[in-house]
Amino acid sequence: MLEHLEQPERCLGEIYRVLKPGGLLIVQVPFLYPVHDKPQDYRRWTVFGLSRLLREHDFEIAEQETTGNPLETAALLLNIAMSKTVLQSMERKHPMAILAVILPILVALMNGAAWFTSLV
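Residue positions are given per chain, counted from 1 along the sequence in the order it is written. For a predicted model such as this one, the threshold for reporting local features is a pLDDT of at least 70, and the threshold for listing and counting side-chain atom pairs is 80 or more; totals across whole chains, interfaces and linings nevertheless cover every residue. For the side-chain quantities, the full set of heavy atoms in the structure was used; hydrogens and water were omitted.

**Q** Outline the nonpolar core, listing residues and values.
**A** Nonpolar cores are built from buried Ala, Val, Leu, Ile, Met, Phe, Trp, Tyr and Cys residues. Side-chain atoms within 4.5 Å join them into one set. Each residue is placed in one exposure class: buried if its accessible area under a 1.4 Å probe, protein chains only, is under 20% of its type's maximum, exposed if it is over 50%, and partly exposed if it falls in between. Leu 2, Leu 12, Trp 45, Leu 50, Leu 53, Leu 54 and Phe 59 form the largest nonpolar core, which has seven residues in total. Each helix corresponds to a stretch of at least 4 residues labelled H or I by DSSP, and each strand to a stretch of at least 2 residues labelled E; elements are numbered beginning at the N terminus. When residues in this core are grouped by element, the largest group, three residues, is from helix α2 (residues 47-56). The contact definition used throughout considers only heavy atoms, calling two residues in contact when any of these lie within 4.5 Å. Once residues within four sequence positions are removed from consideration, Trp 45 is found in contact with Leu 2, Glu 3, Pro 8, Val 29, Pro 30, Phe 31, Leu 50 and Leu 53.

**Q** Break down the packing of aromatic side chains for me, with residues and values.
**A** The relative placement of two aromatic rings is captured by the distance of their centres and the angle of their planes. Classification of ring pairs rests on two measures: the distance between centres of Phe, Tyr or Trp rings, Trp counted by its six-membered ring, which must be within 6.5 Å, and the angle between planes, read as stacked under 30 degrees, edge-to-face over 60 and tilted in between. One pass over the structure, following the stated rule, counts one aromatic pair. Ring geometry for Tyr 16 and Phe 59: centres 5.2 Å apart, planes at 85°, overall edge-to-face. Note that Tyr 16 is positioned in helix α1 (residues 8-18) and Phe 59 in the loop between α2 and α3 (70-91), a separation of 43 residues in sequence. Look at Phe 59 and you get buried, because its relative accessible area is 10%.

**Q** Before we move on, can you summarise the layout of surface pockets with the specific residues and values?
**A** Two kinds of site are reported from a 1 Å grid over the protein atoms alone, namely cavities, where a 1.4 Å probe fits but cannot get out, and pockets, open sets with protein on both sides within 12 Å along at least five of seven lines, and residues are called lining when an atom falls within 4 Å of a point. Grid points are joined across faces, edges and corners, and a volume is the space filled by probe spheres set on the points. One number sums up the size of the largest pocket: a volume of about 1300 Å³. Surrounding the largest pocket, 39 residues form its lining, Val 27, Gln 28, Val 29, Leu 50 and Glu 65 being those nearest its centre. When contributions to the lining of the largest pocket are tallied by element, the ones reaching two or more residues are α2 and α3. The element best represented in the lining of the largest pocket is α2, accounting for five residues.

**Q** Let's hear about unusual backbone geometry: which residues, and what values?
**A** Looking along the chain, the bond that leaves Lys 38 and enters Pro 39 is cis, with omega of -5°. Its place among the elements puts Pro 39 in the loop between α1 and α2. Positive phi outside glycine occurs at Asp 37, with the angle close to 50°. Inspection of the secondary structure assignment puts Asp 37 in the loop between α1 and α2.

**Q** Tell me about the side chain of Glu 3, and please be specific about residues and values.
**A** Tracing the backbone shows Glu 3 in the segment before α1. The buried charged residue Glu 3 lacks any salt bridge partner; its closest oppositely charged side chain belongs to Arg 44, at an N-O distance of 5.2 Å. Throughout this description, a polar contact denotes any pair of N or O atoms lying within 3.5 Å of each other; where both atoms belong to protein, one of them has to be capable of donating a hydrogen while the other can accept it, and for residues adjacent in sequence the pair is counted only when both atoms sit in side chains. In this structure the side chain of Glu 3 is engaged in a polar contact, spanning 3.2 Å, whose partner is the side chain of His 4. Residues within four places of Glu 3 in sequence aside, it is in contact with Pro 30, His 36, Gln 40, Asp 41, Tyr 42, Arg 43, Arg 44 and Trp 45. We treat Lys and Arg as the positive residues and Asp and Glu as the negative residues; His and chain ends play no part in the count. Throughout this description, the term salt bridge denotes a Lys or Arg side-chain nitrogen within 4 Å of a carboxyl oxygen of Asp or Glu.

**Q** Residues and numbers for a nonpolar patch on the surface, please.
**A** What makes a patch is a set of residues exposed beyond 30% relative accessible area and free of salt bridges, joined within 9 Å when like-charged and within 5 Å when nonpolar (Val, Leu, Ile, Met, Phe, Trp, Tyr). Throughout, the Shrake-Rupley method with a 1.4 Å probe supplies accessible areas, and for residues the shown protein chains are the sole cover considered. Among the surface-exposed residues, Met 96, Ile 98, Leu 99, Val 101, Ile 102, Ile 105, Leu 106 and Leu 109 lie close enough to one another that they form a single nonpolar patch of about 720 Å² accessible area. Mapped onto the elements, Leu 106 comes out in helix α4 (residues 103-118). A relative accessible area of 32% means that Leu 106 is categorised as partly exposed.

**Q** Which residues make up the environment of Ser 51, and what values do they have?
**A** In this fold, Ser 51 is placed in helix α2. As a C-alpha pair, Ser 51 and Gln 64 span 13 residues in sequence and 8.6 Å in three-dimensional space. In contact with Ser 51, not counting residues within four places along its chain, are Ile 61 and Gln 64. Separated by 2.8 Å, the side chain of Ser 51 and the backbone oxygen of Val 47 make a polar contact.

Following this line, the structure appears as structure tokens:
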């Protein structure tokens, strides 16, 4: 949820203050993801930017990893794009709203393809 804070530095400072010595902080943030929860969606971090931010607040980074692969990301973004397009078509009463009938099938196919590519 750090992407929704105007001042994530203050939040991390407070977390560091209350975290018991030897405590563990697990951070997960989106990188390539559409704007959501408007207008409180302020940023995306790279691994490097997030690492720097954590080190600036005296956190020791014990382990760092990224998740997903390019095809999983593409499938996720395609699912979001298809869903938003169908929803907008429904709101506007556009004939393309008929795609709502097959949207669950398309999303399932994209999710299956993303899952399959994650096995490689």
